[in-house]
Structure formats: structure tokens, C-alpha cells
Amino acid sequence: MEPSLLVIFGASGDLTRRLLVPDLFGLFAEKLLPEGFAVLGVSRTAYTDDAFRSLLRDAAREHARGGFDPALWDAFAPRLFYHPADLDNAESYTGLVGRIRSLCAERGIPGNLIFYTAVAPKHYVSLVRRIGEAGLSVPSPELPGFRRVVVEKPFGRDLESARALNREVLSVFRDDQVYRIDHFLGKETVQNIFVFRFGNGIFEPIWNRNYIDHVQITVAETIGVEGRGDFYEEAGALRDMIQNHLLQLLALVAMEPPGSLDGDDIRGEKLKVLKSIERVAPERAGEVCVRGQYAEGEIDGKRVPPYRTEKNVSPSSFTETYVALRLAIDNWRWAGVPFYLRTGKRMGRKVSEIAIQFHHAPSLLFKDTACGQLESNLLVINIQPEEGIFLRFGAKDPGPEVCVRPVDFHFTYREAFGARSTPAYGRLLLDVMHGDPTLFPREDTVETSWSLLDPFLRRWEEDPSRDLFFYPAGSWGPREADALPEAGGDRWRRP
Ligand SMILES: NC(=O)c1ccc[n+]([C@@H]2O[C@H](COP(=O)([O-])OP(=O)(O)OC[C@H]3O[C@@H](n4cnc5c(N)ncnc54)[C@H](OP(=O)(O)O)[C@@H]3O)[C@@H](O)[C@H]2O)c1
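## Description of the pairing of strand β7 (residues 212-220)
Both faces of the sheet carry side chains from a regular strand, because those side chains alternate between them.
Now for step 1: Among the 9 residues in β7, 8 count as buried, and that is most of the element.
Now for step 2: Both β7 and strand β13 (residues 351-358) contribute to a ladder of 8 bridges, which runs antiparallel. Its bridge partner lying in β13, V219 is registered against S352.
Now for step 3: Where β7 lies against strand β12 (residues 338-344), 6 bridges are found, and the strand directions are parallel. By the bridge assignment, A220 is partnered in β12 with G344.

Encoded structure:
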């Protein structure tokens, strides 16, 4: 792989400190970074290179997922550079171009540049425009290499703004140069959904409406808004989690096998399934969606305050910290199979999982035995915190009577492969360096996801209190959300 210069805009911020640089350090430790690769951090704070390295050393010590080896850090740190600049000021870019040229020359980087938008979303458009105006988006005699741009989430806040952002970004870069990052897709377990389905002979034949009763996708967090109330007030759970992470998980579970492992074949199949999700008219949105907001409650024995008293949150806020949806996929494979999606903050347990509930076996044989009704088979793909898969099936309870009891087959990544796994941001950054877009949503996918959610957003804009119920922190969301699976004779799992 050719070396590149990663230019991170927003280098003094939380994302750079907590995730990007610790994960890059992890790649360095695993010897996955090309010789010559370097990072140039850009933000307004007046750090020197050394002050920047020292800031990131502390961050890596705290957040590096593979552990922190000081000697290894000393070998990595000389690859980190800093350039103070105000991105709102067009003149800043002249100095930036000069610094990029000199760094590429010093480090033998053949002009390959990756730009990363780790700044607030309101800066995305002007930043990309100015990269273009400064001549940095196209190869030049001094910087002849490739150009790629990584755009952080959120990619827009509704269909219209996502389209506008796509238009702006695509007026400077081609779509194959744009990497819209969704860090969920960098997780090993998420990539394993694809391998599990299409790399095994026994699951795909039963992966359809004839055998599957329904699917539940849960992403539950115990944390609240962690001081980012101003950001969250503008977002809410639907925009922050469903539009990207949960719809991408749904696409992986429900897509048809692609023609090849080519990035566009895979992304094309994911798009098709998102397009097959039934659209809901705004006036019917309340039938398939329930929102919630956490009130005061208790998590791990500690009292936690209500959302409305968090820093930078309005005391009369109607922003949802929980959302549940019942979606229907109108195609041959999935007709009649409900997909239940839910995500929330301050929930009872931190867990992300996909539960595939199979149809009941006929109970005729066992109806007069002590066990009565048989439980149906269940397959659960655990994404976090314990990465793995389990399959629940019926086994005979030992003893003279015939009785069937559910038991679980477990596979965990930790037991099967040890601690070996590349953290999500590291994996995705490596893909950007390689120029592999497979795990990055395309323009059409992002817009299709927003088009599915727009009816809900429009409904809540009309009346922000609509479909919103309060739930105690530490619970599994508002009780009203139970109605979504109950309408189909189903129940939420308690993971
Ligand atoms: N943090 C996360 O866990 C996370 C997760 C997923 C996505 N994201 C996304 O990543 C982006 C960054 O998030 P964050 O949490 O890192 O935000 P943050 O902590 O507020 O950092 C923002 C960065 O932007 C810089 N900045 C602001 N105005 C600037 C200007 N005019 N010129 C140059 N630099 C400027 C700030 O540095 P100075 O003040 O020094 O200029 C700071 O480095 C956001 O779009 C967010 O949605 C974040």
C-alpha cells in the first residue's frame, strides 16, 4: 500500500483523541500502516507538533484498545504533525497547502491525501468547498497522488439536507473518492453477518419468510448524552442511530447474496433491500413508531438524572432518546416478516444484537407432556459487548418424563480467536488507505435511508410531543413500545 497523509480537520476534538488516533496507534502496533504514513492535525488551538503529540499520548494511553506500550508510542509519535488554522478563514488554506507539500516531500509521500471531517457538521460544506478552492481535491505536479475524503456522521439531518450535502461534496470529489463513515460497519461482528449468511451452507436456505417469524434489532446504551446535549438536542435517536447504524444492520440481515465481493455489488444489494422497505405515510407513522425520553431512574445502583436536566438540554425538550419501529420489507424473501428496530440511551443494559426468531415447530407431539408449548428456535448475533452468536434449540430435559427445554449453543469471538480484532475506526481507516469503499454507504443508500425516515420527522416537526413517552432510566424504554411487536403477536426480547 502506498503511503498517504491523513489530514484530520478537528484534530483537537473528542473524536480524534478518543477514537481516530488511538485506533491509528493500534494499526501501527499491528504493523498495518505503510512506511511514510503520517497524520496532519488541523484545528484552531495553537499547539506545536510536540504539544499535539503529548495531548494524543495521554489520549492513547487511556483509549488505545490493544493496550499502551510507551516505547511503541515513541516510535509512532513522530508520524503526527499539527497545523493551527481557522477553517472559516479562506486564507488559512494557503498555509495549509504549503505545510502539506513540505510534509509529503519530507516523508516521501507521493502526494496521496486523505481528508477527514472531524468537525461539527455545520462546517462540512464550507470545508469541502475550500479544499476544492485551494486546489487540494485534484492531483497537481507537486502533489500528484490520490485524493479521498472521509465524511463523518451525521450525513445530513433529513432527505433534503443529505441531498444538498451530497451535491456539495460531489461538486468537489467524485463519489468513489467519498467515504461516508459508519463505524458500526467496521465492527468484526457486523462484517461477520455477511460471512455467516453467505459463507455457510445451512443458514441461507432457511433465511426467509418460510422459516423466520420476525427479526429484532436492538442497540441499547446505558450512557446518557455525555455532555453533548447541544448536539443531541438537534439529533435525537432516529437521526443519530436508526438512519445509519440500525438500517445498515437491517440491510446486512435482509439483503440478497451479491454477485461478487466487489464493493459496488454488495452496496447495490443493500440498497435494493432498503428500497423494498414499505414507506409509511406521516399520518400512519404513529402506528409503527414509538419514541421515548428518559426520566430519572437508576442504573447499576446509581441514580441518574432525567434527560431534560442534562447540560445544554432544554427543560421542556421533546427530543427522543429512544425510538422503536416496526418495518416491513415488501419482497419475496421477507413479505409478512416484521423487522422490529429499537435503540435508546440510559437503558437497562449496554447491548447491540440482532435476534432472528424462527417459526414455532408444530407442538402436537408434546402437547400432553409436562412442557406444553414448545419454544421456537432463536439465533442471536451479539455485536457488543460480547461479540458472538448463539443458537437456541429444544433439548430433552433428563429424567423419566418427556420434556423439552431450551438450551443455547454459544460461539464467542474471544474464545474462538482470542483478543485479535481490529477496532472499528482502525479497520475503516485502513480501508480508506487501500481505497476499498465496500463498508462505506453510498450516496444513494444514504438518501434512501433518509427518505424512509422523513415521514416520521415531518410528523414530529408538526407536533414535537407526538409519539413521545417517558421511561425511567435503567428500564427497557416506554411501555407503549410493547404495542409494536404485540400487534403481530410478538414480544420484545429482554437481552
Ligand atoms: N465524538 C464522537 O464520539 C463522534 C462519534 C461519531 C461522529 N462524530 C462526529 O465527528 C465530528 C467531530 O466530533 P467531536 O466530538 O470530535 O467534536 P468536538 O470535540 O467538538 O471537536 C470539534 C473540532 O473542531 C475544531 N474546530 C471547530 N471550529 C473550527 C474552525 N473554525 N476551524 C478549525 N477547527 C475548528 C475544534 O478545535 P478548535 O476549537 O481547536 O478549533 C475541534 O478540534 C462531528 O461531526 C460529530 O458528529 C463524533
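Past the structure itself, the notes keep going.
## Brief notes about the domain arrangement of the protein
Now for step 1: What the domain assignment lists for the protein is domain 1 (5-152) and domain 2 (185-486).
Now for step 2: Computed over C-alpha atoms, the centres of domain 1 and domain 2 are 33 Å apart.
Now for step 3: Contacts between the two partners involve 19 residues from domain 1 and, on the opposite side, 11 residues from domain 2.
Now for step 4: Across the domain 1 to domain 2 interface the summed buried area is about 1,200 Å²; carbon plus sulfur atoms make up 77%.
Now for step 5: When the buried surface of domain 1 facing domain 2 is broken down by residue, D23, L27 and R148 rank first, second and third, together holding 35% of it.
Now for step 6: Where domain 1 packs against domain 2, one counts 0 salt bridges.
Now for step 7: Where domain 1 touches domain 2, the interface holds 5 residue pairs in polar contact (both at pLDDT 80 or more).
Now for step 8: Secondary structure elements with two or more residues in the side of domain 1 that touches domain 2: α1 (14-29), β4 (113-117) and β5 (147-151).
Now for step 9: By residue number, the principal contributor to the side of domain 1 that touches domain 2 is α1, which donates 6 residues.
Now for step 10: Class assignment for the residues of the side of domain 1 that touches domain 2 results in 14 nonpolar, no polar and 5 charged.

## Some remarks on helix α10 (residues 263-275)
Now for step 1: Under the 1.5 Å per step criterion, the end-to-end length of α10 is 18 Å for 13 residues, consistent within 8% with the ideal 18 Å.
Now for step 2: For α10, the set of buried residues is G263, I266, R267, G268, E269, K270, L271, V273 and L274.
Now for step 3: Check the buried side of α10 and you find it contacts α7 (188-198), α9 (237-254) and α14 (443-462).
Now for step 4: Of the residues flanking the start of α10, the one acting as N-cap is D262, its side-chain oxygen 3.0 Å from the backbone nitrogen of D264.

## Some thoughts on the packing of aromatic side chains
Now for step 1: With the rule as written, the count across this model stands at 26 aromatic pairs.
Now for step 2: Seen from their ring centres, F9 and F115 are 6.2 Å apart, and the 25 degrees between their planes marks the pair as stacked. Of this pair, F9 sits in strand β1 (residues 5-9) while F115 sits in strand β4, and the two are 106 residues apart along the sequence. F115 shares its class with F9; the two are buried.
Now for step 3: Pairing Y340 with W492 gives two aromatic rings, centres 5.8 Å apart and planes at 70 degrees, and the pair type is edge-to-face. With Y340 in strand β12 and W492 in the segment after α15 (483-486), the pair connects residues that are 152 residues apart, well separated along the chain.
Now for step 4: Its relative accessible area of 0% is what places Y340 among the buried residues.
Now for step 5: In this structure W492 comes out as buried when scored by relative accessible area, which is 10%.
Now for step 6: Through successive ring pairs, a cluster of aromatic residues spans F25, F28, F68, W73 and F76.
Now for step 7: Sitting above the plane of the F81 ring, R53 keeps its charged end 5.2 Å from the centroid.
Now for step 8: When the ring centre of F155 is taken as reference, the NZ or CZ atom of R180 above it lies at 5.1 Å.

## A short note on the site of the ligand
Now for step 1: The environment of the ligand is formed by 26 residues, the closest being S12, D14, R18, T45 and Y124.
Now for step 2: One of the side-chain N or O atoms of T45 is found 2.4 Å from an oxygen atom in the ligand.
Now for step 3: In this structure, Y124 approaches the ligand through a side-chain N or O atom, which is 2.7 Å from an oxygen atom.
Now for step 4: When the free accessible area of the ligand is taken as 880 Å², the share hidden by the protein chains comes to 82%.
Now for step 5: Looking at which element gives the most residues to the shell around the ligand, the answer is α1, with 4 residues.
Now for step 6: For the shell around the ligand, a count of residues per class yields 12 nonpolar, 6 polar and 8 charged.

How each quantity is defined
- Residues numbered from 1 in each chain as written.
- Predicted model: local features only at pLDDT ≥ 70, side-chain atom pairs only at ≥ 80, totals over all residues.
- Heavy atoms only, no water.
- Buried < 20%, exposed > 50% of the residue type's maximum accessible area, 1.4 Å probe, protein only.
- Helix = DSSP H or I, 4+ residues; strand = E, 2+ residues; numbered from the N terminus.
- Pairing = 2+ DSSP bridges.
- Domains from an automatic or database assignment.
- Contact = heavy atoms within 4.5 Å.
- Buried area = accessible area lost by both parts, 1.4 Å probe.
- Salt bridge = Lys/Arg side-chain N within 4 Å of Asp/Glu carboxyl O.
- Polar contact = N/O pair within 3.5 Å; in protein donor to acceptor, adjacent residues only side chain to side chain.
- Nonpolar A, V, L, I, M, F, W, Y, C, P; charged D, E, K, R; others polar.
- Expected span 1.5 Å × (residues − 1).
- Phe/Tyr/Trp six-rings, centres within 6.5 Å; stacked < 30°, edge-to-face > 60°.
- Lys NZ or Arg CZ within 6 Å of the ring centre and 35° of its normal.
- Near = heavy atom within 4 Å.
- Areas by Shrake-Rupley, 256 points an atom, 1.4 Å probe, with all protein chains shown as cover.

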